[in-house]
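Residue-level listing of the chains:
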Amino acid sequence: QVPLVESGGGSVQAGGSLRLSCAVSGVPFSSYTMGWFRQAPGKERELVAAITSGGSTNYVDSVKGRFTISRDNAKNTVYLQMNSLKPEDTAVYYCAARTNWALVYKYWGQGTQVTVSS
């Protein structure tokens, strides 16, 4: 089991910002694609943002222009900077990892709660 440890969740008012961090150990982090997922109550889990080992990124449309995913290979850490937060961003956010060629994320963190109040 590869530990992925998320941090940085919390409660914030609409329009505010949070930065999530995910520290990874036990795998060659620099060669993995990292993703941030979220799951709100009663909804399916969705991929919010991903970053490949080469630094290419993609985002779900609802967060484009507000969220930024980044990685620090020296620290084996991936980040999700979330700005202009909305109540609909409220969810449990999960960090996940897969090899670049895999279709499925193999390793998952325990999740961190993000709550945005109006």
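Residues numbered from 1 in each chain as written. Predicted model: local features only at pLDDT ≥ 70, side-chain atom pairs only at ≥ 80, totals over all residues. Heavy atoms only, no water.

**Student:** Could you give me a rundown of the sheet that holds strand β3 (residues 18-24), with the residues and numbers involved?
**Tutor:** Read across the sheet, four strands follow the order β1-β3-β8-β7 without closing on themselves; strand pairing throughout is antiparallel. Two strands in the sheet have a free side with no partner beyond their single neighbour: β1 (4-7) and β7 (67-72). Put simply, the sheet's adjacent strands are angled 15 degrees from each other on average, direction ignored. Sheet analysis places β3 next to strand β8 (residues 77-82), joined by six bridges and oriented antiparallel. Looking at the pairing, Leu20 lines up with Leu80 of β8. (Pairing = 2+ DSSP bridges. Helix = DSSP H or I, 4+ residues; strand = E, 2+ residues; numbered from the N terminus. Axes fitted to C-alpha atoms, helices over the stretch in contact; angles between N-to-C directions.)

**Student:** Tell me about the pattern of salt bridges, and please be specific about residues and values.
**Tutor:** This structure, assessed with the given rule, holds four salt bridges. As a salt-bridge pair, Glu46 and Arg38 come within 2.7 Å of each other at their nearest N and O atoms. Given the relative accessible area of 27%, Glu46 is considered partly exposed. A salt bridge links Arg66 to Asp89; its shortest N-O distance comes to 2.8 Å. Within this pair, whereas Arg66 is found in the loop between β6 (57-59) and β7, its partner Asp89 is found in the loop between β8 and β9 (91-99), the two being separated by 23 residues in sequence. For the pair formed by Arg66 and Asp89, the shared burial category is buried. (Salt bridge = Lys/Arg side-chain N within 4 Å of Asp/Glu carboxyl O. Buried < 20%, exposed > 50% of the residue type's maximum accessible area, 1.4 Å probe, protein only.)

**Student:** If you had to explain the nonpolar core to someone new, which residues and values would you point to?
**Tutor:** The biggest cluster of nonpolar side chains holds 30 residues, and the ones touching the most others in it are Leu4, Met34, Trp36, Val78, Leu80, Met82 and Tyr93. Those elements that place two or more of their residues in this core are β3, β4 (32-39), β5 (46-51), β7, β8, β9 and β11 (112-117). If sequence neighbours within four positions are ignored, Leu4 has contacts with Cys22, Ala23, Val24, Met34, Cys95, Ala96, Ala97, Tyr107, Trp108, Gly109 and Gln110. The next biggest cluster of nonpolar side chains, apart from the first, holds five residues, and it includes Phe37, Ala50, Tyr94 and Tyr105. (Core = buried A, V, L, I, M, F, W, Y, C linked by side-chain atoms within 4.5 Å. Contact = heavy atoms within 4.5 Å.)

**Student:** Residue-level account of the pairing of β4, with values.
**Tutor:** Along any regular strand the residues' side chains alternate between the sheet's two faces. Of all the eight residues making up β4, seven are buried; the element is thus mostly covered by neighbouring parts of the structure. By the bridge criterion, eight bridges tie β4 to β9 in an arrangement that is antiparallel. Within the sheet, the bridge partner assigned to Gln39 lies in β9 and is Val92. Sheet topology places β4 next to β5; five bridges connect them, and they run antiparallel. In the sheet register, Gly35 faces β5, and the bridge partner there is Ala50. Here β4 folds back onto β5, and the loop between the two strands holds six residues, one of which, Gly42, carries a positive phi near 75 degrees.

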